[in-house]
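For reference, the chains in residue letters:
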Amino acid sequence: MKVLVIGGGAREHALCRSLSLDPEVTALHCAPGNAGIAEVAELHQVDALDGKAVAALATELGAELVVVGPEAPLVAGVADAVREAGIPVFGPSKEAAELEGSKAFAKDVMAGAGVPTARSYVCTNPDEVEEALDAFGAPYVVKDDGLAAGKGVVVTADLDKAREHANACDRVVIEEFLDGPEVSLFAITDGVTVVPLQPAQDFKRALDGDEGPNTGGMGAYSPLPWADPKLVEEVMQTVLQPTVDEMRRRGTPFSGLLYAGLAITSRGVRVIEFNARFGDPETQVVLARLKTPLSGILLAAADGTLVDLEPLRWSDDAAVTVVIASHNYPDTPRTGDPIEGLDEVAAQDAPHAYVLHAGTKRDGDAIVSAGGRVLSVTASGKDLTQARARAYEAVNRIHLDGGQHRTDIAAKVAGAAQA
C-alpha cells in the first residue's frame, strides 16, 4: 500500500513511524513533514489547507490511502477533496470535523446524542459573558468556539482573566468546571462501527505541578493503572457510539479518529471536548503500544469495513512521552536554535526510546527548532516507572538552547506503580 500522510508535527511523525514499520506499506510519503519524518518517509511540499493541491499530490503519487493528521486541514475540507478524487482517506468530512471546529456545534451534538458533558452557555457579547461567568462562578472555564491550536481554553479563578479571554473571542463557550482527573480516549470509526484505542493521559500546563499556561500538551503516558477497568467500555456506550450514531442521523457521518477528552468526575464520566483527529502528544504513547499494523486499521475506517477488523492487539508495556519545547513557548517561541544529542539517543537508547520531531527543520547539516513544541521523546518499558526513566534518560542527552520540558510527566502514577 502507498500511503500519504498530511501534516508535519510529532503526531504525524508517530503515524509515519508506525506506518514505516508496517509490512503492508510499500511506499510512505508525507507533506510537508519535518526533519525527523524525512528519515522514514519521502517529503513533498504542499499547502496542507488546499484540498485540490493535496488531492492532486495524492493522485500523482498513486496513493492508496491518505491520512490527514492536523485539525485545520480537516476543518478546511481537505478529506472531502481527496475522497472526490476517488482515493480512500482517513479523516472526517468538513461538516463532520465541525465536532472540533466549533465547541458550540459539539455541545449541540452531545445534547442530541444524550452524551454527558458540562453545562454551558454559548456567548457572543459581553453581557452574555457576564451572565455566564456569574452563573457558574470560579474556577471559570472559557473556550474559544473555533480552532486555537490547543491554546483556546482558559481555566482560571481570576474573573478578570476569564472575562478578558472571553471578550477576545468572536464566539465563546463558558461552562461549569469539571472536577477529577482527565483522560484522552481515541476511537477509530467508519461512521457506523467504533473501535476504541487504549486510553492515555496528557499534561496540558506548561510547568511542573500543572502550573503555568495551557499548551498543546507537554507529555503523556499510557496505560492508566488507576482507571476503572471498565472505563473504555463505559465511554464506548455513553459517549463514542452515541456520538457516531447522532452524526450519522444528522446526515453528516463521522469517519476517522474521534477523540474524546474526558473528566472522571465525582458524578461520573463527562466529555470536556471532542477532537476530530489523533491528539498530540497522546498519539505518541498510544501508537507505541499498538501491535496491530496501523495501515489496515486506517484503511478499514476509510473504506467502511471496520466491522470485519480483528480485535486490536496491544503491548503490555507502558509508554511515556516528554515534550521538549522552544524558549518562550507557549507564547511566541524562539526558533532556529540547533538541536544536539539526537544521534546519541539513537545510538544509546534505541529501541526502547526514540525521538519524534514536531517543530524541526534541516539547516545545512544541522537540525534546528522551527516551532513551539520541538520534540517528543518517547520511551517504552515493562511499567511506567521504567518507561519514564528511559524517556528522561533520553531527554537529558538532548540540548536545545533555551529549551524547556516538564520534569514530572507520569511522576505520580509511576511512583504509585513503584510503591
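First, a word on scope: everything that follows refers to the structure included in this document. (Residues numbered from 1 in each chain as written. Predicted model: local features only at pLDDT ≥ 70, side-chain atom pairs only at ≥ 80, totals over all residues. Heavy atoms only, no water.)

## Topic: the packing of helix H6 (residues 103–113) against helix H9 (residues 231–249)
Here is step 1: Look at H6 against H9: their axes get within 9 Å of each other, and the N-to-C directions meet at 100°. Looking at the two axes, H6 sits roughly perpendicular to H9. Only Pro242, Thr243, Glu246 and Met247 of H9 make contact with H6, whose side of the interface consists of Phe105, Val109, Gly112 and Ala113.
Here is step 2: Taken together, the residues of the contact of H6 with H9 sort by class into five nonpolar, two polar and one charged. (Axes fitted to C-alpha atoms, helices over the stretch in contact; angles between N-to-C directions. Helix = DSSP H or I, 4+ residues; strand = E, 2+ residues; numbered from the N terminus. Parallel < 35°, antiparallel > 145°, perpendicular 65-115°, else oblique. Contact = heavy atoms within 4.5 Å. Nonpolar A, V, L, I, M, F, W, Y, C, P; charged D, E, K, R; others polar.)

## What to know about the sheet that holds strand E16 (residues 256–265)
Here is step 1: One open sheet accounts for four strands, arranged E11-E10-E16-E17; its pairing is antiparallel. Looking at the sheet topology across the chains shown, the edges are occupied by strand E11 (194–196) and strand E17 (268–275). Neighbour-to-neighbour, the strand axes of this sheet turn through a mean angle of 35°, independent of strand direction.
Here is step 2: The sheet contact formed by E16 and E17 spans seven bridges and is antiparallel. Bridging from a neighbouring strand, Thr265 pairs with Gly268 of E17.
Here is step 3: Sheet contacts for H9: strand E10 (182–189), E11, E16 and E17; angle to E16, the most-contacted strand, approximately 125°. (Pairing = 2+ DSSP bridges.)

## Topic: the pattern of salt bridges
Here is step 1: For the structure on display, the rule yields 23 salt bridges.
Here is step 2: Here Glu176 ties to Arg119 by a salt bridge, and the two come within 3.6 Å at their closest N and O atoms. Residue Glu176 is located in the loop between strand E9 (172–175) and E10, and its partner Arg119 is located in the loop between H6 and strand E6 (120–123); the two are separated by 57 residues in the primary sequence. (Salt bridge = Lys/Arg side-chain N within 4 Å of Asp/Glu carboxyl O.)

## Quick look at the packing of aromatic side chains
Here is step 1: Within this structure, the stated rule accounts for five aromatic pairs.
Here is step 2: Between Phe186 and Tyr259, the ring centres sit 5.0 Å apart and the planes meet at 35°, which makes this aromatic pair tilted. Here the residue Phe186 occupies a position in strand E10, and Tyr259 occupies one in strand E16, the gap between them amounting to 73 residues.
Here is step 3: Accessibility expressed as a relative area gives 3% for Tyr259, which makes it buried.
Here is step 4: Judged by centre distance (5.9 Å) and plane angle (85°), the rings of Phe186 and Phe278 are edge-to-face. (Phe/Tyr/Trp six-rings, centres within 6.5 Å; stacked < 30°, edge-to-face > 60°. Buried < 20%, exposed > 50% of the residue type's maximum accessible area, 1.4 Å probe, protein only.)

## Brief notes about the sheet that holds E9
Here is step 1: The strand order across the open sheet built from four strands is E6-E9-E7-E8, with neighbouring strands paired in antiparallel fashion. At either end of the open sheet lies a strand with only one pairing partner, and these are E6 and strand E8 (153–156). Strand-to-strand, the axes of this sheet are offset by a mean angle of 20°, without reference to chain direction.
Here is step 2: Where H6 meets the sheet, it contacts E6, strand E7 (140–144) and E9, and its direction lies at approximately 50° from that of E9.

## Details of a negative patch on the surface
Here is step 1: Side chains of Glu39, Glu340, Asp343 and Glu344 sit close together on the surface and give a patch of like negative charge.
Here is step 2: The exposure class of Glu340 is partly exposed, given its relative accessible area of 47%. (Patch = residues over 30% accessible without salt bridge, like charges linked within 9 Å, V, L, I, M, F, W, Y side chains within 5 Å. Areas by Shrake-Rupley, 256 points an atom, 1.4 Å probe, with all protein chains shown as cover. Lys, Arg positive; Asp, Glu negative; His and termini not counted. Charge placed at Lys NZ, Arg CZ, Asp CG, Glu CD.)

## Some points on helix H1 (residues 10–20)
Here is step 1: Counting buried positions along H1 gives nine out of eleven residues, so the element sits mostly inside the fold.
Here is step 2: Of all the positions in H1, only Ala10, Arg11, Glu12, His13, Ala14, Leu15, Cys16, Ser18 and Leu19 are classed as buried.

## Quick word on the side chain of Ser93
Here is step 1: Following the sequence through the fold, Ser93 ends up in the loop between strand E5 (89–90) and helix H5 (98–101).
Here is step 2: Judged by relative accessible area, Ser93 falls into the buried class, the value being 14%.
Here is step 3: Polar contacts involving the side chain of Ser93 include one to the main-chain amide nitrogen of Ala96, which spans 3.1 Å.
Here is step 4: The residues contacting Ser93, other than those within four sequence positions of it, are Leu74, Asp80, Arg83 and Pro253. (Polar contact = N/O pair within 3.5 Å; in protein donor to acceptor, adjacent residues only side chain to side chain.)

## Observations regarding the nonpolar core
A general feature of soluble globular proteins is that nonpolar side chains tend to end up buried together.
Here is step 1: The biggest cluster of nonpolar side chains holds 77 residues, and the ones touching the most others in it are Leu4, Val66, Leu240, Phe274, Val320 and Ile398.
Here is step 2: Sort the elements by how many residues they give to this core and H9 lands first, with seven residues.
Here is step 3: In this structure Leu240 touches Leu185, Ala187, Val194, Val235, Leu258 and Ala260, once residues within four positions along its chain are discounted.
Here is step 4: Ranked by size, the runner-up nonpolar core spans 41 residues in total, among them Tyr259, Val285, Ala300 and Ala358. (Core = buried A, V, L, I, M, F, W, Y, C linked by side-chain atoms within 4.5 Å.)

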